[in-house]
Amino acid sequence: MNALTVGEKRTLERKDLAHLLSALRSAGYRVVGPTIRDGAIVYGEIGREEDLPIGWTDRQDAGTYRLERRTDSAVFGFNVGPHSWKKYLFPSRERLWTAHKTGTSFEIAPEPREEVAFAFLGMRACELAGLDVSDRVFDGKVHDPGYHARRTRLLRIAVQCGQAGGTCFCVSMGTGPAVRRGFDLALTEILSPARHYFLVEVGTEAGAAVLVDVPLGPAEGPDTEAANEIVARTAASMGRTLNVDGIHDLLLSNPEHPRWEIVARRCLSCTNCTMVCPTCFCHTTEEVPDLGGDRVERWRRWDSCFNLEFTSLHGSSVRKSGLSRYRQWLTHKLAGWYDQFDTSGCIGCGRCITWCPVGIDITEEVAAIRTVPSKPGAKP
Amino acid sequence: MATRRPPRVAVWKFASCDGCQLTLLDCEDELLAVADAVEIANFREASRAVVEGPYDLSLVEGSITTAEDARRIREVRAQSRFLVTIGACATAGGIQALRNFADVEEYRRVVYARPEYITTLASSTAIREHVAVDFELRGCPIDKSQLLEVISAFLVDRVPNVPTESVCIECKRRGNVCVVVAHGAPCLGPVTQTGCGAICPAFHRGCYGCFGPMDSPNTAALIPLLEHTGMTPAAVRRFFSTFNAAAPAFRAATESVAEASSPP
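Residues numbered from 1 in each chain as written. Chains lettered and ligands numbered in written order. Predicted model: local features only at pLDDT ≥ 70, side-chain atom pairs only at ≥ 80, totals over all residues. Heavy atoms only, no water.

So what's going on with the layout of surface pockets? Which residues, and what values?
Of the pockets and cavities examined, the largest pocket occupies roughly 890 Å³. A:Glu286, A:Val288, B:Ser145, B:Gln146 and B:Glu149 are the residues nearest the centre of the largest pocket, which is lined by 31 residues in total. Counting only elements with at least two residues in the lining of the largest pocket, the list comes to strand 13 (283-289) and strand 14 (295-302) of chain A together with helix 2 (28-37), helix 6 (144-155) and helix 7 (167-174) of chain B. Tallying contributions element by element places strand 14 of chain A first for the lining of the largest pocket, with six residues. (1 Å grid on protein atoms, 1.4 Å probe; cavity = no way out; pocket = protein on both sides within 12 Å on 5 of 7 lines; lining within 4 Å. Points joined across faces, edges and corners; volume = space filled by probe spheres on them. Helix = DSSP H or I, 4+ residues; strand = E, 2+ residues; numbered from the N terminus.)

Could you give an account of the packing of aromatic side chains, naming the residues involved and the relevant values?
Under the definition given, this model contains 23 aromatic pairs over all chains. Considering the side-chain rings of B:Trp12 and B:Tyr55, the 5.7 Å spacing of their centres and the 75 degrees angle between planes classify their relative orientation as edge-to-face. Placement of the pair is B:Trp12 in strand 1 (residues 8-13) and B:Tyr55 in strand 3 (residues 55-61), with a sequence separation of 43 residues. Each member of the pair, B:Trp12 together with B:Tyr55, is buried. In textbook terms, an aromatic cluster arises when at least three aromatic residues are bridged by ring pairs, as seen for A:Phe90, A:Phe138, A:Tyr147, A:Phe281, A:Trp302, A:Trp337 and A:Phe341. The ring centre of B:Phe14 lies 4.0 Å from the NZ or CZ of B:Arg72, which sits over that ring. (Phe/Tyr/Trp six-rings, centres within 6.5 Å; stacked < 30°, edge-to-face > 60°. Buried < 20%, exposed > 50% of the residue type's maximum accessible area, 1.4 Å probe, protein only. Lys NZ or Arg CZ within 6 Å of the ring centre and 35° of its normal.)

Give me the pattern of salt bridges: which residues, what numbers.
Enumeration over the complete set of coordinates arrives at 46 salt bridges over all chains. With its nearest N and O atoms 3.0 Å apart, the salt bridge here joins A:Glu49 to A:Arg14. In this pair, A:Glu49 sits in the loop between strand 3 (40-45) and strand 4 (56-61) while A:Arg14 sits in the loop between strand 1 (9-13) and helix 1 (17-26), placing the two residues 35 residues apart along the sequence. This pair shows no difference in class: A:Glu49 is buried, exactly as A:Arg14 is. One salt-bridge network, in which partners are shared between bridges, spans A:Arg93, A:Glu286, A:Arg301, B:Glu165, B:Glu170 and B:Arg173. (Salt bridge = Lys/Arg side-chain N within 4 Å of Asp/Glu carboxyl O.)

Report on the interface of chain B and chain A, specifying residues and quantitative values.
On the chain A side, the residues contacting the 39 residues of chain B number 40 residues. The junction of chain B with chain A conceals about 3000 Å² of combined surface from both sides, 55% of it contributed by carbon and sulfur atoms. In this structure, the connection of chain B to chain A is made through two salt bridges. In this structure, B:Glu165 engages A:Arg301 in a salt bridge whose closest nitrogen and oxygen atoms are separated by 3.4 Å. The interface formed by chain B and chain A contains 19 residue pairs in polar contact (both at pLDDT 80 or more). Contributing elements (two or more residues each) for the side of chain B that touches chain A: helix 2, helix 6, helix 7, helix 8 (179-183) and helix 10 (219-228) of chain B. Classifying every residue of the side of chain B that touches chain A by side-chain character gives 20 nonpolar, eleven polar and eight charged. (Contact = heavy atoms within 4.5 Å. Buried area = accessible area lost by both parts, 1.4 Å probe. Polar contact = N/O pair within 3.5 Å; in protein donor to acceptor, adjacent residues only side chain to side chain. Nonpolar A, V, L, I, M, F, W, Y, C, P; charged D, E, K, R; others polar.)

Kindly report on the environment of A:Ala125, identifying the contributing residues and their values.
Residue and element names in this part refer to chain A. Locating Ala 125 in the fold gives a position in helix 3 (residues 125-138). Linking Ala 125 and Thr 175, residues 50 residues apart in sequence, is a C-alpha distance of 6.2 Å. With residues near it in sequence (within four places) discarded, Ala 125 still touches Val 159, Thr 175, Gly 176, Pro 177, Ala 178 and Val 179.

Quick rundown of the side chain of B:Gln21? Include the residues and the values.
Position of B:Gln21 relative to the elements: it lies in helix 1 (residues 19-25). In contact with B:Gln21, not counting residues within four places along its chain, are B:Val11, B:Lys13, B:Phe43, B:Glu45, B:Glu61 and B:Ile86.

Outline empty space enclosed by the protein, supporting the account with residue identities and numerical values.
Residues and elements named next belong to chain A. A complete count under the given rule lists seven cavities of 30 Å³ or more for this structure. Of the voids in this model, the largest cavity is the one considered here, and its volume is about 120 Å³. Lining the largest cavity are 16 residues, and of these Cys 273, Tyr 326, Cys 352, Cys 356 and Ile 360 lie nearest its centre. Among the elements of the structure, helix 10 (272-276) and helix 11 (322-341) are those that each provide at least two residues to the lining of the largest cavity.

Can you break down the side chain of B:Arg173 residue by residue, with the values?
Turning to its location among the elements, B:Arg173 is positioned in helix 7. Accessibility expressed as a relative area gives 6% for B:Arg173, which makes it buried. In this structure the side chain of B:Arg173 is engaged in a polar contact, spanning 2.6 Å, whose partner is the side chain of B:Glu170. Ignoring anything within four residues of it in the chain, the contact list for B:Arg173 reads A:Ser92, A:Arg93, A:Arg301, A:Trp302 and B:Glu165.

If you had to explain the domain arrangement of chain B to someone new, which residues and values would you point to?
Residues and elements named next belong to chain B. For chain B, the assigned domains read domain 1 (8-155) and domain 2 (167-256). The C-alpha-based centres of domain 1 and domain 2 are spaced at 25 Å. Taken together, the contacts link 16 residues of domain 1 with 16 residues of domain 2. Interface of domain 1 and domain 2: buried area, both sides summed, is about 1200 Å²; carbon and sulfur atoms make up 59% of it. Counting the surface domain 1 buries against domain 2, the share from its top three residues, Phe 101, Arg 138 and Cys 140, is 43%. Inspection of the domain 1/domain 2 interface yields three residue pairs in polar contact (both at pLDDT 80 or more). Grouping the constituent residues of the side of domain 1 that touches domain 2 by class yields nine nonpolar, four polar and three charged. (Domains from an automatic or database assignment.)

Could you give me a rundown of the packing of helix 9 (residues 258-266) of chain A against helix 11 of chain A, with the residues and numbers involved?
All names here are of chain A. At a closest axis distance of 8 Å, the pairing of helix 9 and helix 11 adopts a crossing angle of 110 degrees. Our classification of the angle between helix 9 and helix 11 gives roughly perpendicular. Taking contact as the criterion, the partners of Trp 260, Glu 261, Val 263 and Ala 264 in helix 9 are, on helix 11, Gly 322, Leu 323, Tyr 326, Arg 327, Leu 330 and Thr 331. Across the contact of helix 9 with helix 11, the residue classes break down as six nonpolar, two polar and two charged. (Axes fitted to C-alpha atoms, helices over the stretch in contact; angles between N-to-C directions. Parallel < 35°, antiparallel > 145°, perpendicular 65-115°, else oblique.)

Let's hear about a nonpolar patch on the surface: which residues, and what values?
A grouping of B:Tyr107, B:Val110, B:Val111 and B:Tyr112 is seen on the molecular surface, where their side chains present a nonpolar patch of about 420 Å² in accessible area. Assignment of secondary structure puts B:Tyr107 in helix 5 (residues 104-111). (Patch = residues over 30% accessible without salt bridge, like charges linked within 9 Å, V, L, I, M, F, W, Y side chains within 5 Å. Areas by Shrake-Rupley, 256 points an atom, 1.4 Å probe, with all protein chains shown as cover.)

Outline the sheet that holds strand 7 (residues 105-110) of chain A, supporting the account with residue identities and numerical values.
Residues and elements named next belong to chain A. The four strands are arranged 7-6-14-13 in an open sheet whose pairing can be described as antiparallel. The open sheet terminates on both sides in strands that have one partner only, identified here as strand 7 and strand 13. The sheet shows a mean angle of 25 degrees between the axes of neighbouring strands, taken without regard to direction. Here strand 13 pairs with strand 14 via seven bridges, running antiparallel. Note on strand 14: the bridge partner recorded for Val 288 is Glu 297. (Pairing = 2+ DSSP bridges.)

An account of the nonpolar core is needed here, citing residue identities and associated values.
Core analysis: the largest hydrophobic core is formed by 96 residues, its most contacted members being A:Leu24, A:Trp329, A:Leu330, A:Leu334 and B:Phe240. Tallying contributions element by element places helix 11 of chain A first for this core, with six residues. Excluding residues within four positions of it along the chain, A:Leu334 makes contact with A:Met173, A:Leu242, A:Ile247, A:Leu251, A:Ser344, A:Cys346, A:Ile362 and A:Val366. Membership of the second largest hydrophobic core comes to 36 residues, among which are A:Cys126, A:Val133, A:Phe138 and A:Met275. (Core = buried A, V, L, I, M, F, W, Y, C linked by side-chain atoms within 4.5 Å.)

Here it is in structure tokens:
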């Protein structure tokens, strides 16, 4: 019986990971986490530990992702994939309400809320930062009841990254790879020839509660040192950087920069970057009536600023060119969000780089705009 | 309030395979609701009983490939309040529009034992090139729920909610793993209009472009990517030259890729 307090650390042997999973289920959580499907590590139901991508990793670069075998049996030896946690908190399609005709009027029936408590297993530092950004969007000035209900019951089990992915740049964004806050439990996987185990840090009382019956050992100084060393190594091996110094003014003062034209020629306006982005929240709502006209449902679905119809007003779109749509996305993500949500919209996870079919790299685009800025006094 | 007569719907066939009309019959669960909401007045695939026009809504399948059909579509238009094309043939000329880029005379000689029996135009054209069209529903074949959406929209005089965005967004909403990025598969999804539900990528295949070009297709950016997956220029041309070969954006893409030099 463990009675742990916030901030305490313990060790969990690799063979006892299954105990953590069953403790989560016993506590009523629906455990979701990384799992292999269709040649990639996506997020899905974790029924048992074999559902995790044990011994697998991913090789990522701009526009390419390949699943590969590791030479060891690390449980979390990979980086983020095409899915993000937003698919659970902000589902791609969600019915908001249903209206029924009643004589000459109508009645609106709100959507019953699912009472599901998710445990997100394997959240990376950047993803915790992404969750914080999403909270500002959906649970700040704007209150989204569905998001709020799911978010309130959420348990966040973080994992510190043991390696940098091919498109990661969390160090630049100040979001990782070290897990510092916003978690209920944080794991660091420590794998040596002699011992395979996790260092577990308790972040909240909810996190401590699930550990009560999980077999744990003491965490000594060398365990914490080993974990710190892993994270430091990950940070040092990160291949990409994005210089955020003065980025708000840099981007907003360069709307006519020639680079926009160059990137627009490559951009497919396919929306993939926005779909994989953990913080992109744009959506549309639509009314879906039945044929008889007696019942109508309002649905919300993911939308994207790369869609022509997204800015359709009075039958015409505001952002007609691919250039204006790419510029909108980048300037909003890296500059406009500061004004709107007091944070960058980018968490440095690299998904938009990997999953862009033509490999457009946000870090390269910013660097290009920084290298040759518009002349001072150029018309905005 | 006086009871209005239910709107009268007709279904017409031109050069096509019947697959899109069949989609209406495939609306099994919703078919009774459709039959309650409208009078299906002229639908020869479903019934020989024909109620004379005029019609409130005509669903037109198929492309125009004969002089007789070019005349007949004008008749259909004249007796229809709304005319909606259904499918790639009616909307872009269909697979049979490949004739537009070839010598029809030669086809006639090579394919038919008695070429003199065949009377045909040199081209296969979309319905909108002959008469005014109120809405074009894409797909080869069309999607059942989009068809129901179009019917229900025209019943109450509203604009159908049929997105013109890429297949990619639907792929991502569905949680599919991108076949281009994760498997290096050639895929037309980034330039193709959504509507099918991203079926092919869900089964690990690239998109074949059945729904034709999306609203702002950047085919010039996609072509190098297709070539990067190992497609030859000839294969890229063929990729764009299927059910929507004559859709302007796909046709332009085909023509932008130089023909592979023929062997000596």
